[in-house]
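Architecture and fold: a report
If you want the building blocks of each chain, they are given just below.
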Amino acid sequence: MALKWLLLLLFLAFAVVVICNVIVNSAAKGRCYTDLSALPHRSDALVLGTNPLAKSGRPNSFFKNRIKAAADMYFAGKCDRIILSGAKTGDDYDEPQTMHDDLLALGVPDSVMVLDGEGFRTIHSMKRACGEFGADSLIIVSQEFHNIRAIYQAKHLGIDAIGFNAEDSPYRYWRIKNHLREYLARVKVVLEMTFGKYE
């Protein structure tokens, strides 16, 4: 009998994960772009932050690829302003400033970049981009798995958002780990948005 209940609980948990992932994927269908030439123009792009360094102390490929995607997008004329949003916890850890410096090194003008050091969560970054910085629509720049979740959240917030997909990590281990973690992250975000518990 105990085994029967355990199997039932496992089945229900699996079903919840599948349903939540379907909901999130459906919200972002047709709104994520990998082909730069097909990406529509928006006044504002929002680059979502992550740690510039991996746990090994080496450059984080997720971070580097977002920077490259943002620069490519700007030089292709797809946006007029770039909002760099991430965590700033002190002078020794400042994701937006690092993004700014790396984009500057690639030739992106300082005048088109806005720094937001209070983007501790994806939803904070999007709300602040529109509320604090006056964006009325956004191109979200991150990896595809992250963009899909962000666009689902944006839809609930009434934000017109599309995604430009930065390249994934070249390391298979990190790709698998992040994609597996994303399945559970989508369950959390569906529950948060459904019940309005996302502050």
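Attention in this report is confined to the structure presented alongside it. Predicted, not measured: the structure shown is a model, and the values here were computed from it.

1. Here's the deal with a nonpolar patch on the surface
Together, M1, W5, L8, L9, F11 and L12 make up a nonpolar patch on the protein surface, roughly 710 Å² of accessible area in all. Secondary-structure assignment places L9 in helix α1 (residues 2-28).

2. Brief notes about the packing of α1 against helix α5 (residues 144-157)
Where α1 meets α5, the closest approach of the two axes is 8 Å, and the angle between their N-to-C directions is 80 degrees. Relative to α5, the element α1 is oriented roughly perpendicular. Residues I23, V24, N25, A27 and A28 of α1 lie in contact with α5, whose contacting residues are I148, R149, I151, Y152 and K155. Taken together, the residues of the contact of α1 with α5 break down into seven nonpolar, one polar and two charged.

3. Thoughts on the environment of I139
Looking at the secondary structure, you find I139 in strand β7 (residues 137-143). I139 sits 55 residues away from T194 along the chain, and the two C-alpha atoms are 24 Å apart. Those residues in contact with I139, other than ones at most four positions away along the chain, are L39, P40, R42, D44, A45, L46, M73, K78, I162 and F164.

4. A few points about the side chain of R42
Here R42 is to be found in the loop between β1 (32-33) and β2 (44-48). Contact partners of R42, with chain neighbours within four places excluded, come to K78, C79, D80, S137, L138, I139, D160 and I162.

5. Some words on helix α3 (residues 95-105)
Buried residues of α3: E95, P96, M99, H100 and L103, and no others. Buried residues of α3, viewed axially, fall in a sector of 135 degrees; they line one side. Considering only its buried residues, α3 is in contact with β2, α2 (61-75), β3 (81-85), β5 (93-94) and β6 (113-116). A side-chain oxygen of the first residue of α3 lies 3.1 Å from the backbone nitrogen of Q97; this N-cap is D94.

6. Here we look at the layout of surface pockets
Rolled over the atoms, a probe with the dimensions of a water molecule shows which regions are left empty. One number sums up the size of the largest pocket: a volume of about 1200 Å³. What lines the largest pocket is a set of 42 residues, and nearest its centre among them are T50, N60, R66, N178 and R181. For the lining of the largest pocket, the secondary-structure elements that each account for two or more residues are α2, α4 (122-131), α5 and α6 (172-195). Ranked by the residues each element gives to the lining of the largest pocket, the list is headed by α6, at nine residues. Residue composition of the lining of the largest pocket, grouped by class: 14 nonpolar, 16 polar and twelve charged.

7. Quick look at the nonpolar core
Ranked by internal contacts, the top residues of the largest apolar core, which has 25 residues, are L46, M126, L138, I140 and Y152. Within the residue set of this core, elements represented by two or more residues are α1, β2, α4, β7, α5 and α6. By residue number, the principal contributor to this core is α5, which donates five residues. Excluding residues that lie within four positions of it along the chain, M126 makes contacts with L46, L138, I140, A150, Q153, A154 and I159. Counting 24 residues, the second largest nonpolar core, distinct from the first, contains L39, A70, Y74 and C79.

8. Structural notes on the sheet that holds β3
Either a parallel or an antiparallel arrangement is found when strands of a sheet pair, and the pairing is made through backbone hydrogen bonds. Read across the open sheet, the six strands follow the order β1-β8-β7-β2-β3-β6; overall the sheet is parallel. The open sheet has two edge strands with one neighbour each: β1 and β6. Relative to β7, β2 runs parallel, the two sharing four bridges. The residue bridging L46 from the neighbouring strand is I140, located in β7. Relative to the sheet, α3 contacts β2, β3 and β6, its axis offset from that of β6 by approximately 160 degrees. Sitting on the sheet, α5 touches β1, β2, β7 and β8 (160-166), and the angle it makes with β7 is about 150 degrees.

9. A few points about the pairing of β3
Across the five residues of β3, four count as buried, placing the element largely inside the fold. For the crossover from β2 across α2 to β3, the handedness is right-handed. Bridge analysis of β3 against β6 gives four bridges, and the strand direction is parallel. Paired with I83 across the bridge in β6 is V114.

Parameters and conventions
Residues numbered from 1 in each chain as written. Predicted model: local features only at pLDDT ≥ 70, side-chain atom pairs only at ≥ 80, totals over all residues. Heavy atoms only, no water. Patch = residues over 30% accessible without salt bridge, like charges linked within 9 Å, V, L, I, M, F, W, Y side chains within 5 Å. Areas by Shrake-Rupley, 256 points an atom, 1.4 Å probe, with all protein chains shown as cover. Salt bridge = Lys/Arg side-chain N within 4 Å of Asp/Glu carboxyl O. Helix = DSSP H or I, 4+ residues; strand = E, 2+ residues; numbered from the N terminus. Axes fitted to C-alpha atoms, helices over the stretch in contact; angles between N-to-C directions. Parallel < 35°, antiparallel > 145°, perpendicular 65-115°, else oblique. Contact = heavy atoms within 4.5 Å. Nonpolar A, V, L, I, M, F, W, Y, C, P; charged D, E, K, R; others polar. Buried < 20%, exposed > 50% of the residue type's maximum accessible area, 1.4 Å probe, protein only. Arc of directions from axis to C-beta. Polar contact = N/O pair within 3.5 Å; in protein donor to acceptor, adjacent residues only side chain to side chain. 1 Å grid on protein atoms, 1.4 Å probe; cavity = no way out; pocket = protein on both sides within 12 Å on 5 of 7 lines; lining within 4 Å. Points joined across faces, edges and corners; volume = space filled by probe spheres on them. Core = buried A, V, L, I, M, F, W, Y, C linked by side-chain atoms within 4.5 Å. Pairing = 2+ DSSP bridges. Right-handed = clockwise from strand over helix to strand, strands pointing away.

Geometric descriptors of this kind do not, in isolation, establish any biological role.
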